[in-house]
Amino acid sequence: MTGVHAQGAGADLPTHMVADMFKPLSRPAEMIHETSLLVLVICAVIFVVVAGLLLYIVVRFRKKATDNTQEPPQIYGSTNIELAWTVIPILITVVLILVTSRTIGEVQNAKLPEDALQIRVVGHQWWWEVHYPQYGIITANEIHIPVSSKDPQKARPTELILQSADVIHSFWVPQLAGKTDLIPNRTNKMWVDPYTIGTYFGNCAEYCGTQHANMLLRVIVDTPENFEKWVANQKAPVPPPQTPQEIEGRRLYYANACVNCHTIGESVSKGIFGPDLTKLMTRQTIGAGVAPLNHENLLSWVRDPQILKVGCLMPNMQLLDNEVEAITAYLETLK
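Because the structure is predicted, anything quoted here is derived from the model rather than measured.

### Some details on the environment of valine 310
When you line up the elements, valine 310 lands in the loop between α7 (305-308) and α8 (321-331). Measuring from C-alpha to C-alpha, the distance between valine 310 and lysine 189 comes to 31 Å, with 121 residues separating the pair along the chain.

### Here's the deal with the sheet that holds strand β3 (residues 127-132)
In space, the five strands of this open sheet follow the order β4-β3-β2-β6-β9, with mixed pairing throughout. Every interior strand has two partners, whereas the edge strands, β4 (137-140) and β9 (188-192), have only one. Going from strand to strand, the sheet's axes swing by 25 degrees on average, the running direction of each strand aside. Across the face of the sheet, helix α3 (residues 224-235) comes into contact with β2 (117-124), β3 and β4 while running at roughly 100 degrees to β4.

### Some remarks on the packing of aromatic side chains
Throughout the structure, instances matching the rule amount to six aromatic pairs. Residues tryptophan 128 and phenylalanine 171 carry aromatic rings whose centres are separated by 5.7 Å and whose planes lie at 85 degrees to one another, so their mutual orientation is edge-to-face. Of this pair, tryptophan 128 sits in strand β3 while phenylalanine 171 sits in strand β7 (residues 169-172); the two residues are 43 residues apart in sequence, bridging distant segments of the chain. For the residue pair tryptophan 128 and phenylalanine 171, the accessibility class agrees, reading buried in each case. Aromatic pair tyrosine 135 and phenylalanine 227: ring centres 6.1 Å apart, planes at 70 degrees, arrangement edge-to-face. You can see tyrosine 135 sitting in the loop between β3 and β4 and its partner phenylalanine 227 sitting in helix α3, a full 92 residues away along the chain. Since its relative accessible area comes to 2%, phenylalanine 227 is described here as buried. Note that arginine 60 overlies the ring of phenylalanine 61, its terminal NZ or CZ placed 5.0 Å from the centroid. One Lys or Arg, lysine 179, reaches over the ring of tryptophan 172 and ends 4.7 Å from the middle of that ring.

### Considering the nonpolar core
Ile119, Tyr132, Ile143 and Phe171 are the most contacted members of the largest nonpolar core, which totals 31 residues. Mapped onto this core, the elements with two or more residues apiece are β2, β3, β5 (142-146), β6 (158-164), β9, β10 (198-204), β11 (216-222) and α3. When sequence neighbours within four positions are dropped, the list of residues in contact with isoleucine 143 reads Ile119, Val121, Val130, Tyr132, Phe171, Leu217, Arg218, Val219 and Ile220. Formed by 22 residues, the second largest nonpolar core is a distinct cluster that contains Leu280, Leu299, Cys312 and Leu331.

### What about helix α4 (residues 244-255)?
End to end, α4 covers 16 Å across 12 residues, agreeing with the expected 16 Å (1.5 Å per residue, within 8%). Those residues of α4 that sit buried are Glu246, Gly249, Leu252 and Tyr253. End-on view of α4: buried residues confined to an arc of 120 degrees, all on one side of the axis. The exposed residues of α4 that point more than 90 degrees off its buried face are Pro244 and Ala255.

### So, the pattern of salt bridges
One pass over the full model with this rule turns up five salt bridges. Across the salt bridge formed by arginine 27 and aspartate 193, the nearest N and O atoms sit 3.3 Å from each other. Residue arginine 27 is found in helix α1 (residues 27-60), and its partner aspartate 193 is found in the loop between β9 and β10; the two are separated by 166 residues along the sequence. Residue classification places aspartate 193 among the buried residues on the basis of a relative accessible area of 0%. For the salt bridge of arginine 156 with glutamate 228, the shortest nitrogen-to-oxygen distance reads 3.9 Å. Highlighted residues: arginine 156 in the loop between β5 and β6 and glutamate 228 in helix α3, separated in sequence by 72 residues. On the basis of relative accessibility, which here comes to 33%, the residue arginine 156 falls in the partly exposed class. Since its relative accessible area comes to 37%, glutamate 228 is described here as partly exposed.

Cut-off values and rules
Residues numbered from 1 in each chain as written. Predicted model: local features only at pLDDT ≥ 70, side-chain atom pairs only at ≥ 80, totals over all residues. Heavy atoms only, no water. Helix = DSSP H or I, 4+ residues; strand = E, 2+ residues; numbered from the N terminus. Pairing = 2+ DSSP bridges. Axes fitted to C-alpha atoms, helices over the stretch in contact; angles between N-to-C directions. Contact = heavy atoms within 4.5 Å. Phe/Tyr/Trp six-rings, centres within 6.5 Å; stacked < 30°, edge-to-face > 60°. Buried < 20%, exposed > 50% of the residue type's maximum accessible area, 1.4 Å probe, protein only. Lys NZ or Arg CZ within 6 Å of the ring centre and 35° of its normal. Core = buried A, V, L, I, M, F, W, Y, C linked by side-chain atoms within 4.5 Å. Expected span 1.5 Å × (residues − 1). Arc of directions from axis to C-beta. Salt bridge = Lys/Arg side-chain N within 4 Å of Asp/Glu carboxyl O.

Below, the structure is given as structure tokens:
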């Protein structure tokens with residue numbers, strides 16, 4: 001299902017509004033989907049057999065008007081029945097284990113090309129830090145990757161290196177791959193190779209605190225040419241502020257505590273507790289997907305982040321209205 005377009009880089013791409021795991025658009029998700037259908041069929045057959053037997057017994061042996069009140073003859077022990085309810089479930093369980101293990105092995109042991117794009121994703125409460133070590137790019141909450149192909153000879157998979165800065169998170173974009181946990185002091189890996197361009201929705205799938213439900217992310221899949229343009233833009237220097245309000249906003253940004261938590265390019269603002277703001281205005285959303293990134297929402301966030309995202313770690317800085325407007329004007333130059 002496609003939906004409305006958002007602002008920011010990749011906003012002109014089709015948007016897959018429903019994160020539907022039954023419509024996989026990447027090889028790992030496709031393999032998981034095929035296994036899930038087999039499991040679903042086996043479970044459906046079991047349900048039909050058990051429900052049918054129960055219904056038959058209820059109807060066939062229901063109480064009749066001619067029945068007396070005496071207890072019917074009791075039968076103790078039946079080797080055939082006991083073998084049936086022991087052996088059949090064991091066989092079904094073994095089949096499910098083998099099928100699932102094969103799929104897990106195929107996904108986890110897939111050999112990726114040496115030149116595969118690598119992205120390091122770090123989970124924070126409650127946002128995603130995204131590194132492109134091959135390009136020296138750091139961004140947040142939105143992952144840009146080039147489209148791949150169903151043809152194995154032309155496939156261009158992307159490897160995701162998953163880490164956590166605080167608690168356990170779980171990376172899940174249903175149409176691209178299965179869930180993988182981000183665990184403190186441990187590195188997990190997964191990969192995706194989307195067949196179709198567009199914006200894919202995902203979220204943290206492991207409860208990680210009060211704003212877990214608002215730890216959203218987007219994977220923006222574009223053509224290789226447009227992905228290279230995005231990379232070039234991210235590596236380009238940030239343009240200096242031009243208007244008096246933008247210049248005053250930059251002064252206020254560096255005069256307040258913003259620099260302690262955020263990074264902006266090669267400036268002295270090198271904080272690591274909050275998202276990198278170097279190319280803030282190239283993103284589609286603010287607050288890890290909690291709202292579209294536009295002037296009104298950015299103004300609200302600078303004034304008091306708790307309005308849009310209650311419980312987030314950025315406090316209300318008690319700024320005056322003119323200070324809020326000036327800092328917002330400066331942040332809007334970061335693109």
